[in-house]
Amino acid sequence: MTEIIIRRALLSVSDKTGLAELGKALADCGVELVSTGGTAKALREAGLAVRDISELTGFPEMMDGRVKTLHPKVHGGLLAIRDNPEHVAAMAAHGIGAIDLVVVNLYPFAETVARGAPREEIIENIDIGGPSMVRSAAKNHAHVAIVTDPADYALLAKGRTTLDERRKLAAKAFAATAAYDAAISQWFSAVDQGETFAPVRVIGARLASPLRYGENPHQQAALYLPLGPHIAGIAGARQIQGKELSYNNYNDADAALELVAEFRDGPPTVVIVKHANPCGVATGETLAAAYEAALQCDSVSAFGGIIAVNRPLDGPTAEAISGIFTEVVAAPDADEAARAVFARKKNLRLLLTGPLPDPRRSGLTTRIIAGGVLVQERDNGDIGRDQLKIVTKRAPGERELADCLFAWTIARHVKSNAIVYARDGVTAGIGAGQMNRRDSSRIAAMKAKEAAAVHGWAEPRTVGSAVASDAFFPFADGLLAAAEAGATAVIQPGGSIRDDEVIAAADAAGLAMIFTGMRHFRH
């Protein structure tokens, strides 16, 4: 069978959006409406004739509505193969009528959890009959249409369905029940049982949009959003203008937003990212001033980069950003002047994120490897000033301490091995992703020298700076490279078997050094 005329429809929905309009369209096509509880009431209030499910089954809805559709006259009417003589005979023998359409959306489990409902209410919002009907109808899609999304109601207005439509609806229906069960299993494991790593991990997500391409043009890519409440972040940002985003655009914009979120309660801050690594970060009295300082750190790498700011964009900052080619700008918001400036740059993507994410939020991150999936807790570890350990003869001054903490904040967002020089709330040089820490130190210092030459400074900004290392210095050479660049203070985790040697080298160079006791590898 290819086309099916809908003669009987079973409707049982939690979300009543579009229900009355759908009911009227089906009734106009001569479809008998069968329904349950609140759905039947809503249809009657719309002036439609509805047959109660209890009349169909011969049993009343019972146990506070827990049992109403779990009945052979429902599932027989859904699962019967209409051109199978034995099935047809069984239907006739037991008085089972065929059901040609099921419209179901499930109890709002995730929404109930999100609003902090008590456990008993959460349990009651685990739908049983709904998923059962969905699966029965989807399995028998050769003869039955299953609709789980109000966005698909328009398909039913003609009172008939094609096989191709039913196949697509069935695929969507199985995805809906899988995602629903995933949310329930995650809640039971993570919240009810307190398990960080469940014996079986299932993730539900919906397709937001296909992307221009993946890391390279020959790779396809798409953005998926987790099911459930909105989470602040780049995935939910509103694109105001510009070309379609690619995989790399999202990845880099996410890196920039996560870093600038570290300063969401701080002074105006600008982050410039290239290939997921910050190449310039600065705070300032205004966003425009912060942007100019961040750009000066490494103006070569900033070309074609991603920019994130920690407060609404204004016109002067937009004008400054427009001075070089930029792929993406992400901001909590943008005023009309900023939007007008960027409107002249038709290819530049402007993303408005709303509130910045909490950098210390909990959660898990995943990475696919050959044959498996790596899962870990987010790196939300933090240290306060009272947890710092001064290990050198000289203690850092107040300015050096502030520079150390600023550089340390940046370093946790730089690919390992990471070295970050900073002075007065501005990065002076960043060394990222090298195979040894000494090379990262030298590269960061080299970039600082290049910036001084470009801008005509008397000396690189590494002179008098603080330097942060994401992990301990295994040898003194990386630290000595920092001293040669002019750093006067060092912040690092400590914990090397050669800590004494490194501390001695710091003392000999007159450096102040702080141990954090916490590393921030980022691979």
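Rules used throughout
- Residues numbered from 1 in each chain as written.
- Predicted model: local features only at pLDDT ≥ 70, side-chain atom pairs only at ≥ 80, totals over all residues.
- Heavy atoms only, no water.
- Helix = DSSP H or I, 4+ residues; strand = E, 2+ residues; numbered from the N terminus.
- Rg over C-alpha atoms; globule rule 2.2 N^0.38 Å.
- Buried < 20%, exposed > 50% of the residue type's maximum accessible area, 1.4 Å probe, protein only.
- Contact = heavy atoms within 4.5 Å.
- Core = buried A, V, L, I, M, F, W, Y, C linked by side-chain atoms within 4.5 Å.
- Pairing = 2+ DSSP bridges.
- Phe/Tyr/Trp six-rings, centres within 6.5 Å; stacked < 30°, edge-to-face > 60°.
- Disulfide = S-S within 2.5 Å.
- Axes fitted to C-alpha atoms, helices over the stretch in contact; angles between N-to-C directions.
- Parallel < 35°, antiparallel > 145°, perpendicular 65-115°, else oblique.
- Left-handed = near helix turned anticlockwise from the far one by under 90°.
- Nonpolar A, V, L, I, M, F, W, Y, C, P; charged D, E, K, R; others polar.
- Polar contact = N/O pair within 3.5 Å; in protein donor to acceptor, adjacent residues only side chain to side chain.

Novice: Got a minute to help me understand the overall build of the protein chain in this structure?
Specialist: A count of helices and strands for the protein chain gives 18 helices and 23 strands. Relative to its length of 523 residues, the protein chain is extended, with a C-alpha radius of gyration of 30 Å against a globular reference of 24 Å. Counting only C-alpha atoms and orienting by the principal axes, one finds that the protein chain spans roughly 95 × 50 × 40 Å. Out of the 523 residues in the protein chain, the part that is buried amounts to 47%. By sequence separation, contacts in the protein chain at least 24 residues apart represent 56% of the contacts at least 6 residues apart.

Novice: Could you clarify how one ought to interpret the nonpolar core in this entry?
Specialist: Soluble globular proteins tend to pack their nonpolar side chains together in the buried interior. Formed by 46 residues in total, the largest nonpolar core has its most connected members in I234, V271, V281, L351, I410, V420 and I491. Residue contacts for V281: discarding those within four places in its chain leaves L259, F263, T269, V270, V271, A294, F406, I410, G425, V426 and T427.

Novice: I tried to follow the environment of G363 on my own but got confused; where do I start?
Specialist: Within the secondary structure, G363 is located in the loop between β15 (349-352) and β16 (364-369). Apart from the residues lying within four places of it in its own chain, the contact partners of G363 are Q376, E377 and R378.

Novice: Mind showing me how you'd approach helix α11 (residues 287-297) here?
Specialist: An α-helical turn contains 3.6 residues, so a residue and the one three or four places further along point in the same direction. For α11, the tally of buried residues reaches eight of 11 residues, placing the bulk of the element in the interior. Along α11, the positions that sit buried rather than exposed are L287, A288, A290, Y291, A293, A294, L295 and C297.

Novice: Is there a simple way to think about the pairing of strand β9 (residues 222-226) in this case?
Specialist: Side chains on a regular strand alternate between the two faces of the sheet. Only one face of β9 is buried: it carries L223 and L225, and the other face, with A222, Y224 and P226, is open. Bridging between strand β8 (residues 205-210) and β9 involves five bridges; their strand directions are antiparallel. Note that in β9 the partner of S209 across the bridge is L223.

Novice: Is there a simple way to explain the sheet that holds strand β2 (residues 8-13) in this structure?
Specialist: For sheets, the rule is that strands pair by backbone hydrogen bonds, running either parallel or antiparallel. Ordered in space as β4-β3-β2-β5-β6, the five strands form an open sheet in which the pairing is parallel. Bordering the open sheet on either side are β4 (51-52) and β6 (145-147), each of which pairs with just one other strand. One ladder, built from three bridges, connects strand β5 (residues 101-105) with β6; its direction is parallel. Within the sheet, the bridge partner assigned to V103 lies in β6 and is V147.

Novice: Explanation requested: the packing of aromatic side chains in the structure shown.
Specialist: Given two aromatic rings, their pairing is described by the distance between the two centres and the angle made by the two planes. Tallied over the entire structure, the rule returns five aromatic pairs. Three or more aromatic residues joined by ring pairs form one cluster here, namely F109, Y180, W187 and F188.

Novice: I keep staring at the state of the cysteines and nothing clicks. Help me out?
Specialist: As used here, a disulfide is simply a covalent bond connecting the sulfur atoms of two cysteines. As enumerated under the stated definition, the model contains zero disulfides in all. Among the cysteines around C297, which has no disulfide bond, C279 carries the closest sulfur, lying 7.3 Å off. Left unpaired, C404 is separated from the closest cysteine sulfur, that of C297, by 17 Å.

Novice: Got a minute to help me understand the packing of helix α8 (residues 129-139) against helix α9 (residues 163-192) in this structure?
Specialist: Each pair of packed helices can be described by the angle between their axes along with the distance between the axes. Where α8 contacts α9, the axes come no closer than 9 Å and their chain directions differ by 150 degrees. The angle between α8 and α9 places the two elements in the roughly antiparallel class. Classified by chirality, the crossing of α9 by α8 is left-handed. The residues of α9 that touch α8, namely those facing P131, V134, R135, A138 and K139, are A170, A173, F174, T177 and Y180. Grouping the constituent residues of the contact of α8 with α9 by class yields seven nonpolar, one polar and two charged.

Novice: Which parts of the structure should I look at to understand the pairing of β5?
Specialist: β5 sits mainly inside the fold: five of its five residues count as buried. Across the two faces of β5 the burial is the same, with L101, V103 and N105 and V102 and V104 all buried. Relative to β5, β2 runs parallel, the two sharing five bridges. From the neighbouring strand, L10 faces β5, where its bridge partner is V102.

Novice: When you look at unusual backbone geometry in this model, what are you seeing that I'm missing?
Specialist: Trans peptide bonds make up most of the peptide bonds, and negative phi angles are found at most residues other than glycine. That bond from S416 to N417 is cis: its omega, -5 degrees, falls within 30 degrees of zero. Following the sequence through the fold, N417 ends up in the loop between α15 (398-411) and β19 (419-423). Phi is positive for H275, close to 50 degrees, though the residue is something other than glycine. As for its placement among the helices and strands, H275 is situated in the loop between β11 (269-274) and β12 (277-283). Look at A276: it is not a glycine, yet its phi comes out positive at around 70 degrees. Assignment of secondary structure puts A276 in the loop between β11 and β12. We classify A276 as buried; its relative accessible area is 10%.

Novice: Would you take a moment to explain the packing of helix α17 (residues 476-484) against helix α18 (residues 499-508) for this structure?
Specialist: Where α17 meets α18, the axes come as close as 9 Å, and the angle between the chain directions of the two elements is 20 degrees. In terms of their interaxial angle, α17 and α18 are classed as roughly parallel. The chirality of how α17 crosses α18 is right-handed. Together, A476, L479 and L480 of α17 and E501, V502, A505 and A506 of α18 make up the contact between the two elements.

Novice: Hey, could you run me through the side chain of T36 in this one?
Specialist: One can find T36 in the loop between β3 (32-35) and α2 (37-45). Of the polar contacts made by the side chain of T36, one reaches the side chain of S12; its length is 2.9 Å.

Novice: I tried to follow the environment of S246 on my own but got confused; where do I start?
Specialist: For S246, the position within the fold is in the loop between β10 (238-241) and α10 (247-260). Looking at S246, the relative accessible area reads 4%, which means it is buried. Here the alpha-carbon distance between S246 and Y213, two residues 33 residues apart in the chain, equals 5.4 Å. Once residues within four sequence positions are removed from consideration, S246 is found in contact with L211, R212 and Y213.

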